[in-house]
Amino acid sequence: CENGIAVDLLYGRKFSNHSTLLSVHNMDSKSPNIILILSGKGGVGKSTTAVQLALTFRKIGKKVGLLDVDFCGPSIPRMLGLEGKSVFQSPRGWVPIYADAEQTLAVMSIGFLLKNRDDPVIWRGPKKTAMIKLFLEDVYWDNLDYLIIDTPPGTSDEHISVMENIRSLPVLGAVLVTTPQAVAVGDVRREVTFCRKTGIRILGIIENMSGFVCPTCAECTNIFSKGGGEALAIHAKVPFLGCIPIDPQLTQALESGVSFIDSFEGSNVTETFKNIAAQITSS
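Analysis parameters
- Residues numbered from 1 in each chain as written.
- Predicted model: local features only at pLDDT ≥ 70, side-chain atom pairs only at ≥ 80, totals over all residues.
- Heavy atoms only, no water.
- Core = buried A, V, L, I, M, F, W, Y, C linked by side-chain atoms within 4.5 Å.
- Buried < 20%, exposed > 50% of the residue type's maximum accessible area, 1.4 Å probe, protein only.
- pLDDT = per-residue confidence, 0-100.
- Helix = DSSP H or I, 4+ residues; strand = E, 2+ residues; numbered from the N terminus.
- Contact = heavy atoms within 4.5 Å.
- Pairing = 2+ DSSP bridges.
- Disulfide = S-S within 2.5 Å.
- Phe/Tyr/Trp six-rings, centres within 6.5 Å; stacked < 30°, edge-to-face > 60°.

Asks: It is not clear to me how the nonpolar core should be interpreted in this structure. Could you clarify?
Replies: If you look at soluble globular proteins, the nonpolar side chains tend to sit buried side by side. By size, the foremost hydrophobic cluster in this structure holds 44 residues, and its most contacted members are L36, L67, M131, F135, I149 and L176. L53, L66, Y146 and A253 belong to the second largest nonpolar core, which has 39 residues in total.

As structure tokens, then:
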């Protein structure tokens, strides 16, 4: 093993020359609508947004896949209470981990291949590219309505590899995540340019950590600045999908691996994510 990851998953087998991304090899009949979660800056809540969007789509009756290609910070297994689960192979490919008994939310992450959560993934670009190719080609997603891909911050090897492998598929577009501060907005502006240069449609911008929801009275206070994401959307001429406040209950749910969308149906955050999902499905 290297970094706790079985090397034969990468180098002990050959890629199938006739395999194509999400083809009949690993999809029964249809290709899903692909949504990329992007941001030019780390720490803005991309993974949180990806998880909540996936849970919201599941809540409205969609079958969803969630692919985590943030190899240096694979937090999605913990956020969904799936740490310690093991991936195994079937004749039709790798079987993803399901977050529910009904198997309507399928998850794949490098985190499932680590011995423990503290193991780092110390890889150069080619190895990351090979693993992304494996995740995209050899996972048996079954019939999905949406495949949400959570990416690392920036515009690096992982993003280029994903783009190269999904060109022939129905990519619905990208959701860009920022926080209100000018520094974060500036980095996300570069992501807008990246999407336009690579031909990825921008579904809209989400302003995360926009205000703080008091756990006692539920009043929202703007402890940081506000409006940076919306101003960027106006400047870039793309949709503004909404503001997500800091909610201690959301933080606690993510830490404990509980579905916030199911546990707090009437909260402002849940209603905002429902509104964002409705905008995406109608776009």
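Next comes the rest of the write-up.
Asks: Help me out: how do you make sense of the confidence of the model for the protein in this one?
Replies: It should be kept in mind that the predicted coordinates are not to be read in detail where pLDDT is low. Predicted confidence across the protein gives a mean pLDDT of 84, with 89% of residues reaching 70 or more. Ranking the elements of the protein by mean pLDDT puts helix 1 (residues 8–11) last with 44 and helix 2 (residues 46–59) first with 97. Of the regions scoring below 50 in pLDDT, residues 1–21 engages in 45 contacts with residues more than four places distant in sequence or in other chains.

Asks: How do you make sense of the pairing of strand 6 (residues 105–109) when you look at a structure like this?
Replies: Side-chain positions along a regular strand alternate between the two faces of the sheet. The buried fraction of strand 6 amounts to five of the five residues, a majority that puts the element mostly inside the structure. Of the two faces of strand 6, the one carrying L105, V107 and S109 and the one carrying A106 and M108 are both buried. Sheet topology note: the strand 2 (residues 64–68)/strand 6 ladder contains five bridges and is parallel. For L66, the partnering residue across the bridge sits in strand 6 and is V107. With two bridges joining them, strand 5 (residues 97–98) and strand 6 adopt antiparallel strand pairing. Bridge pairing in strand 6 places I97 opposite V107.

Asks: It is not clear to me how the state of the cysteines should be interpreted in this structure. Could you clarify?
Replies: When the sulfur atoms of two cysteines share a covalent bond, that bond is a disulfide. One pass over the full model with this rule turns up zero disulfides. A disulfide-free cysteine, C214 has its sulfur positioned 3.6 Å from the sulfur of C217, the nearest such atom. Take C214: its relative accessible area is 23%, and that puts it in the partly exposed class.

Asks: Sorry if this is basic, but what is going on with the packing of aromatic side chains here?
Replies: What characterises a pair of aromatic rings is the spacing of the ring centres plus the angle enclosed by the ring planes. Per the counting criterion, the structure on display carries four aromatic pairs. Consider the rings of W94 and F135, whose centres lie 5.9 Å apart with planes at 75°: the pair is edge-to-face. Of the two residues, W94 is situated in strand 4 (residues 93–95) and F135 in helix 4 (residues 125–138); the sequence distance between them amounts to 41 residues. Pair check on accessibility: W94 and F135 agree, each one buried. Cluster of aromatic residues (ring-pair linked, three or more members): F71, W94 and F135.

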